[in-house]
Every structure is written in structure tokens, then in C-alpha cells.
Amino acid sequence: MSRCLTSRSIDHVVLERGTVANTWKTERWDSLRLLTPNWQSRLPDYRYDGNDPDGFMTMPEVIAFIESYAQHVAAPVETETTVTAVQRTDDGFVVRTDQGEWTAPTVVLASGHCNIAHIPAVADAVPAGITTITPSQYRTPAQLEEGGVMVVGAAATGIQLADEIQRSGRPVTLAVSGHVRSPRVYRGMDIQWWMDVTGLNNERYDEVDDVTRVRKLPSFQLAGSPDRRTIDLNSLTDIDVQLVGKFAGINDGKAQFSGSLRNQCAMADLKLGRLLDTIDEWAATNALDREVEAPQRYEPTRVDDDPPLGIDLRGGAINTIIWATGFRPDYSWLDIDVVDRKGYVRHDGGVVTEAPGMYLMGMPFLRRRKSTLIDGAADDATDLSDHLASYLARGSDTPSVLR
Ligand SMILES: Cc1cc2nc3c(=O)[nH]c(=O)nc-3n(C[C@H](O)[C@H](O)[C@H](O)COP(=O)(O)OP(=O)(O)OC[C@H]3O[C@@H](n4cnc5c(N)ncnc54)[C@H](O)[C@@H]3O)c2cc1C
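Here the structure is a predicted model, which means the values were calculated and not measured.

Caption draft 1: The overall build of the protein chain, seen in detail. Check the secondary structure of the protein chain and you find 9 helices and 21 strands. For the protein chain, the C-alpha radius of gyration of 22 Å lies close to 22 Å, the compact-globule estimate for 403 residues. Across its three principal axes, the protein chain shows a C-alpha extent of roughly 65 × 60 × 40 Å. Looking at the protein chain residue by residue over its 403 residues, the buried ones come to 49%. Partitioning the intrachain contacts of the protein chain with sequence separation of at least 6 by distance along the chain shows that 69% fall at a separation of at least 24. In the structure as shown, the protein chain presents an accessible area of about 19000 Å², 48% of it carried by carbon and sulfur atoms.

Caption draft 2: Focus on the site of the ligand. In the vicinity of the ligand, 23 residues are found, and the nearest of them are Glu16, Asn22, Leu35, Thr36 and Ile374. Between the ligand and Val83 there is a distance of 2.9 Å, counted from a nitrogen atom to a backbone nitrogen or oxygen. If the ligand stood free it would expose 970 Å²; the protein chains cover 85% of that surface. Looking at which element gives the most residues to the shell around the ligand, the answer is helix 2 (residues 22–26), with 3 residues. Partitioned by chemical class, the residues of the shell around the ligand number 11 nonpolar, 9 polar and 3 charged.

Caption draft 3: Region of interest: the sheet that holds strand 6 (residues 92–97). If you walk across this open sheet you meet the 3 strands as 5-6-7, and the pairing is antiparallel. Of all the strands in the sheet, just strand 5 (83–89) and strand 7 (100–104) have a single pairing partner and so form its edges. Each strand of the sheet is rotated relative to its neighbour by a mean of 20°, with strand direction disregarded. Relative to strand 6, strand 5 runs antiparallel, the two sharing 6 bridges. From the neighbouring strand, Arg88 faces strand 6, where its bridge partner is Phe93.

Caption draft 4: Region of the structure containing the packing of aromatic side chains. Scanning the model with the defined rule gives 8 aromatic pairs in all. Plain terms: the ring middles of Trp193 and Trp194 are 4.9 Å apart, the flat faces sit at 80° to each other, and that makes the pair edge-to-face. Taking relative accessible area as the criterion, Trp193 reaches 21% and is therefore assigned partly exposed. An aromatic cluster of at least three residues, connected via ring pairs, comprises Tyr186, Trp193, Trp194 and Tyr298. Cation over ring: Arg28 sits above Trp24, and NZ or CZ is 4.2 Å from the ring centre.

Caption draft 5: Region of interest: the pattern of salt bridges. According to the stated counting rule, one finds 30 salt bridges in the structure shown. The shortest N-O distance in the salt bridge between Asp196 and Arg42 comes to 3.0 Å. Of this pair, Asp196 sits in helix 5 (residues 191–197) while Arg42 sits in strand 2 (residues 42–43), and the two are 154 residues apart along the sequence. One connected set of salt bridges, linked through shared partners, spans Arg187, Asp277, Asp280, Asp289 and Arg297.

Caption draft 6: Spotlight on the nonpolar core. Of all hydrophobic cores here, the largest spans 43 residues; its most connected members are Trp24, Tyr138, Ile165, Leu174, Leu233, Leu236 and Ile322. Of all the elements in the fold, those that place two or more residues in this core are helix 3 (59–72), strand 11 (149–152), helix 4 (156–167), strand 12 (172–175), helix 7 (233–238) and helix 8 (261–285). At 7 residues, the largest contribution of residues to this core is made by helix 3. Counting 28 residues, the second largest nonpolar core, distinct from the first, contains Ile10, Phe93, Met358 and Leu388.

Caption draft 7: Molecular detail of the environment of Leu222. Take Leu222: it is sitting in the loop between helix 6 (211–215) and helix 7. Put simply, Leu222 and Arg184 are 38 residues apart on the chain and 6.5 Å apart in space, counted from C-alpha to C-alpha. Sequence-distant contacts of Leu222, that is, excluding residues within four places in its chain, are made with Leu35, Ala156, Ile159, Gln160, Ser182, Pro183, Arg184, Ile191 and Gln192.

Caption draft 8: Quick look at unusual backbone geometry. Unlike most non-glycine residues, Glu80 shows phi in positive territory, near 50°. Position of Glu80 relative to the elements: it lies in the loop between strand 4 (77–78) and strand 5. A positive phi is found at Phe365, a non-glycine position, where the angle reads about 50°. One can find Phe365 in the loop between strand 21 (358–360) and helix 9 (377–394).

Caption draft 9: Up close: the pairing of strand 7. Sheet topology places strand 6 next to strand 7; 5 bridges connect them, and they run antiparallel. Across the sheet, Phe93 pairs through a bridge with Ala104, a residue of strand 7. Hairpin connection between strand 6 and strand 7: a loop of 2 residues separates the two successive antiparallel strands.

Parameters at a glance
- Residues numbered from 1 in each chain as written.
- Predicted model: local features only at pLDDT ≥ 70, side-chain atom pairs only at ≥ 80, totals over all residues.
- Heavy atoms only, no water.
- Helix = DSSP H or I, 4+ residues; strand = E, 2+ residues; numbered from the N terminus.
- Rg over C-alpha atoms; globule rule 2.2 N^0.38 Å.
- Buried < 20%, exposed > 50% of the residue type's maximum accessible area, 1.4 Å probe, protein only.
- Contact = heavy atoms within 4.5 Å.
- Areas by Shrake-Rupley, 256 points an atom, 1.4 Å probe, with all protein chains shown as cover.
- Near = heavy atom within 4 Å.
- Polar contact = N/O pair within 3.5 Å; in protein donor to acceptor, adjacent residues only side chain to side chain.
- Nonpolar A, V, L, I, M, F, W, Y, C, P; charged D, E, K, R; others polar.
- Pairing = 2+ DSSP bridges.
- Axes fitted to C-alpha atoms, helices over the stretch in contact; angles between N-to-C directions.
- Phe/Tyr/Trp six-rings, centres within 6.5 Å; stacked < 30°, edge-to-face > 60°.
- Lys NZ or Arg CZ within 6 Å of the ring centre and 35° of its normal.
- Salt bridge = Lys/Arg side-chain N within 4 Å of Asp/Glu carboxyl O.
- Core = buried A, V, L, I, M, F, W, Y, C linked by side-chain atoms within 4.5 Å.

So this is what it looks like as C-alpha cells:
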């Protein structure tokens, strides 16, 4: 957004509570690599240009990439500046920080969509003696006690942690609810390549049937590793991770799992089949069939005949629980009534219509499916900076809806 504002000669400042690339420096585990391939790290006027376009960046590489981008575009970043309040004034906004106050006719909220790890209410009943942590607190298996670990949630974070922790010798139980299954490589090409060329990543928020539903979908079960292997529930079963259903409650110290595991897996298999059908149709229509490998279908997710419906948490089988149950943004500093019951800012494609002059970036399906990816920022920032420029020129005459 800063690059787009600069190219429109709009005077601005970027306020950052830490330093550039703060979340990648402070909130990620040690072994994490991007799950998007290097070629997909594209920002306005900048892209990965190394010699491994199909590889996946480690965290130090991501940090270096974003730091060098900030330098490249000479972003006017005020680091170590925490925003403590944003309030409406007669002609714009006042932004209070621990380093003083700013006033501005427009404000862009780009504080991230993963500020707070979601912890389900059931956590309150976890018996004493079991350590509970969130993915933001997790760094490496070595920080965990020896013994059993329950990972709750099977989106990208949950499956990556389950794989790594099981391989460290700590037996993992993975509680699985709704999830999105995906191979890493399909017909010889990365799944993100297919999502890109078919236009699926570009699908717009005003083109999908139910934007509220798609904004809540979990992330694809994907991991970036040098060997480009697929991590899914079958690969986890192969290394003896125990799959159980959704963590539904705790009764008398006993964790209870929903009986829906088989259905959840069948649903994910079905949706994967539909995605691959869409890709195959696109490849055939676009005369790519002979340039890529033949279509493939995958073994259905294997589920035990009788997956356990409960585990006694006082029996010593589980020493640690990791809540890989998603994240949410933190707007505790936003003193304007635009936040819904779930903690998300109400907006129309990033235009906060209830607070003219306010914009939002980086939220799930903000304007496109790719809006929460690094690769999604460029198009969203271009659209929204256009709207912002016309708002500055025309004030409240600017149509609030951006199409
Ligand atoms: C575990 C994990 C893995 C991911 N992997 C990928 C991937 O492989 N590929 C990909 O494209 N995307 C990935 N993402 C999504 C990734 O978060 C986004 O692509 C990208 O970081 C979004 O950038 P952002 O600037 O919107 O948000 P953030 O990176 O969250 O940046 C927000 C910034 O705002 C600052 N901030 C917040 N509150 C305040 C405040 N009150 N005052 C001042 N500053 C504040 C924060 O310190 C932070 O630096 C991943 C996310 C997670 C959680």
C-alpha cells in the first residue's frame, strides 16, 4: 500500500510496533517455510528473482525479502511505534501511538489478520498439569515435554506441527474438523501454479456465492519443503499420527471427540476431487493437456473403523495441547464502531463504508481469494489506493463501493 500511495504522490507514513517484517520475526516457528513458492512472492514493482523459483523461503529469507522491499520502495516506516487508539475527528482521524499523535484524512488498517491465536472455550476445562500453547508460542519440538501431544486443528499450521512433532518422537493425536485437502504438486506443477493460472486465486469477493462462508474457510493443508512432499492426513497416518474427530468438550478430565471424522474426511476428499476436476477442465480447454502430466486422483483419506471418541487427559497419555485452531485480528485499539461480534472490521472489498476514509488490507477474501497471501497485496493495494486517491480528491462524494 505504501508503494501504491507513493506512486500516486500521496504523503503517508507507515506505523509499525516492531521492526519491518515483525510478524515473520516474532510469531513463526523455527522450521517454517512459506507454503507459497518463491515465484509467487510478488509485490508492487518487486518480485523474487533468485535462482530457485520453485523453492519455499525459510523465515530468514522471508525477512530479508520484505526488508529489502521496504528499502527498495523507500517506505516511510516509523518502527517501534505502537498504535494505541484510532478515533474519528471532524475531518478524518487521529491516530494515537506510544510515540505521539498523528492526524490524517484517511487511514489504512494493515495490522494483520493473525494477531491473536484463537483458543476454543473448551480450553478452560483442560486439567492442571497439561501444558497448553498456541502456534505463536511454538518454536520447536524440543521446547515440549517428552510424551504425547495433542494438536487441535488440521489446517496448514496443524498438519505441519503434527508432522514435525511426531517425527521428534512425541506421539501426536490430531483432532480434525472441517479441512481443505490439497496435494503439493498436481500433474507435475505446484498447486499454487494451478490456482494462479486458472484464475482461482484471483476470484473476486463479489463473484463468489457466499462471501461470508468463504472468508471463514480454513487454509489449504499445505507445507513448503525442499522435497515438495504432500503433507495430508494420509501422510500423517503413515507416520502413526492418531487421527480423532473435532475436539468437542472435556467431561470429568476426559477429552471428547466428535464422531464426525469420517464425514469430515469424505467431504474434504469430495472437494479435492472438484478442485482437480476444475483444473483438468481448464487444462483441456487451454490446450495444456499434453504439456503437463496426466490427471491423477488420490486415495481417499484413510480413517480407522473406530477412531477414539475420548482420551483421559489425566491418564498421562497427553502432556501438551497445541491449539492450531486459527487466528483472528486484534482491533482493541480501534475506537470506531466498525468491528463485528467476531472481531472483524465490516467492509466492502476493503472500503470501510461506515467510516469514510478508512481502508482495510490483508483480510481473508478481502477483494480476492489471494488477499491474505503476500501475492494478494499488490492488486488489493492498487484498487484501494485508487479509491483512496479519489476520496482525497472528492471527499465524501466518492462512491463508497469499489467494483
Ligand atoms: C503461520 C503463517 C504462515 C503463513 N504462510 C504464508 C505463506 O506461505 N505465503 C503467504 O503468502 N502468506 C502466508 N501467510 C499469510 C501472511 O500472514 C500474509 O501473507 C502476510 O503476512 C500479510 O501481511 P500483512 O502486512 O497484512 O500482515 P502482517 O504480516 O501480520 O503485518 C502486520 C503488521 O502490523 C503490525 N501491527 C499490528 N498491530 C499494530 C499496532 N497496534 N501498532 C503498530 N503496528 C501494529 C505488526 O507488528 C505487523 O508487523 C502466513 C501466515 C501465518 C500466520
